[in-house]
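# Chain and residue survey
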Amino acid sequence: METETETAAAPQPRAGRRPRDMALSMIVLLVPVFLLVVFYRFLGNESPPAVDTTEVYGSVQRAGQFELLKPEGLPSDWRIASATYTDGVLRLGITAPDDGAMQLVESAKPTDVLVADVVAKGAKPADTVMINGMEWRRYSDARPGERALVQVSGDRTVVVVGRASDAQLTQLAGSLKA
């Protein structure tokens, strides 16, 4: 027969888990997630994909409303992230290093209408700048944090606008070729 002291010495079953057990379980779950993130970055999948603009450029050329200018010779770390052509307006979303985000817009719409839609309503032109022998007009009163360059040539208006440095806007504008 058991004595009273032997019964008291027997361990009692626990009602719940200890915090240490929960911490170990979390570590076991987080290690594979961490490894997946490291391999994802190591394999170079962190850079955004570039968009194929062939179909969009073809639509612009078939419409024949204006002479198409394409960005050419940009550094490899610049990417065309989006491309659309609707209602006679070509829009290319372009990302550059150091969080540069720009939009290239081309259209045969009247300049004042296009600038109001893309840059800002009531935007006023500032100084002019020559880029690759073409005259561009700066707009610094665009939406907050954005700058813009506008070039008018015949029946085409080109707008380069975005949250980017003046050097990046100028580089994009200078890369445009027919």
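Quick caveat, the model's predicted, so the values are computed rather than measured. (Residues numbered from 1 in each chain as written. Predicted model: local features only at pLDDT ≥ 70, side-chain atom pairs only at ≥ 80, totals over all residues. Heavy atoms only, no water.)

Looking now at the overall build of the protein. Scanning the protein from N- to C-terminus turns up 5 helices and 9 strands. Put simply, 46% of the contacts in the protein that link residues at least 6 apart link residues at least 24 apart. Accessible surface, the protein as shown: approximately 11,600 Å² in total, 57% of it carbon and sulfur. (Helix = DSSP H or I, 4+ residues; strand = E, 2+ residues; numbered from the N terminus. Contact = heavy atoms within 4.5 Å. Areas by Shrake-Rupley, 256 points an atom, 1.4 Å probe, with all protein chains shown as cover.)

The next subject is the pattern of salt bridges. Following the criterion strictly, the structure yields 5 salt bridges and no others. The partner of Glu67 in a salt bridge is Arg156, and the shortest N-O contact between them spans 3.8 Å. With Glu67 in the loop between α3 (54-63) and β1 (70-71) and Arg156 in strand β8 (residues 156-163), this residue pair connects regions lying 89 residues apart in the sequence. Among the ionic pairs, Asp166 bridges to Arg138, the shortest N-O distance being 3.8 Å. Linking Asp166 in helix α5 (residues 166-174) with Arg138 in strand β6 (residues 134-139), this pair joins segments that are 28 residues apart in sequence. On the basis of relative accessible area, Asp166 is assigned to the partly exposed category, the value being 36%. Through salt bridges with shared partners, a single ionic network connects Asp127, Arg138, Arg147 and Asp166. (Salt bridge = Lys/Arg side-chain N within 4 Å of Asp/Glu carboxyl O. Buried < 20%, exposed > 50% of the residue type's maximum accessible area, 1.4 Å probe, protein only.)

Okay, unusual backbone geometry next. Residues other than glycine seldom take positive phi values, yet Asp87 does so here, at roughly 50°. In this fold, Asp87 is placed in the loop between β2 (79-86) and β3 (89-96). Notably, Asn132 is not glycine yet its phi reads approximately 50°, a positive angle. Looking at the secondary structure, you find Asn132 in the loop between β5 (128-131) and β6. Judged by relative accessible area, Asn132 falls into the exposed class, the value being 56%.

This part covers the nonpolar core. It is characteristic of soluble globular proteins that their nonpolar side chains tend to be buried jointly. Ranked by size, the top nonpolar core spans 27 residues in total, and within it Leu90, Leu92, Trp136, Leu149 and Val160 carry the most contacts. Only α3, β2, β3, β4 (100-107), β5, β8 and α5 provide two or more residues apiece to this core. Non-local contacts of Leu92, meaning those with residues more than four positions away in its chain, are made with Thr53, Tyr57, Pro71, Ile80, Ser82, Ala83, Met102, Gln103 and Leu104. Listed in part, the 14 residues of the second largest apolar core include Val115, Ala120, Val159 and Val161. (Core = buried A, V, L, I, M, F, W, Y, C linked by side-chain atoms within 4.5 Å.)

It is worth spelling out a nonpolar patch on the surface at this point. A grouping of Leu24, Ile27, Val31, Phe34, Leu35, Val38, Phe39, Phe42 and Leu43 is seen on the molecular surface, where their side chains present a nonpolar patch of about 950 Å² in accessible area. Relative to the helices and strands, Phe39 resides in helix α2 (residues 19-42). (Patch = residues over 30% accessible without salt bridge, like charges linked within 9 Å, V, L, I, M, F, W, Y side chains within 5 Å.)

By secondary structure assignment, the location of Gln151 is in strand β7 (residues 147-153). Once you skip the residues sitting within four places of it in the chain, Gln151 turns out to touch Met134, Glu135, Trp136, Arg156, Thr157 and Val158.

Okay, the sheet that holds β6 next. On the basis of which strands lie adjacent, the open sheet formed by 7 strands has the order β2-β3-β4-β8-β7-β6-β5 and antiparallel pairing. In this open sheet, the two strands that pair with only one neighbour each are β2 and β5. Averaged over all neighbouring strand pairs, the angle between strand axes comes to 20°, with direction disregarded. With 3 bridges joining them, β6 and β7 adopt antiparallel strand pairing. In the strand pairing of β7, Tyr139 is matched with Ala148. Packing against the sheet, α3 makes contact with β2 and β3, and its axis sits at approximately 35° to β2. Along the sheet, α5 makes contact with β3, β4, β5, β6, β7 and β8, crossing β7 at roughly 25°. (Pairing = 2+ DSSP bridges. Axes fitted to C-alpha atoms, helices over the stretch in contact; angles between N-to-C directions.)

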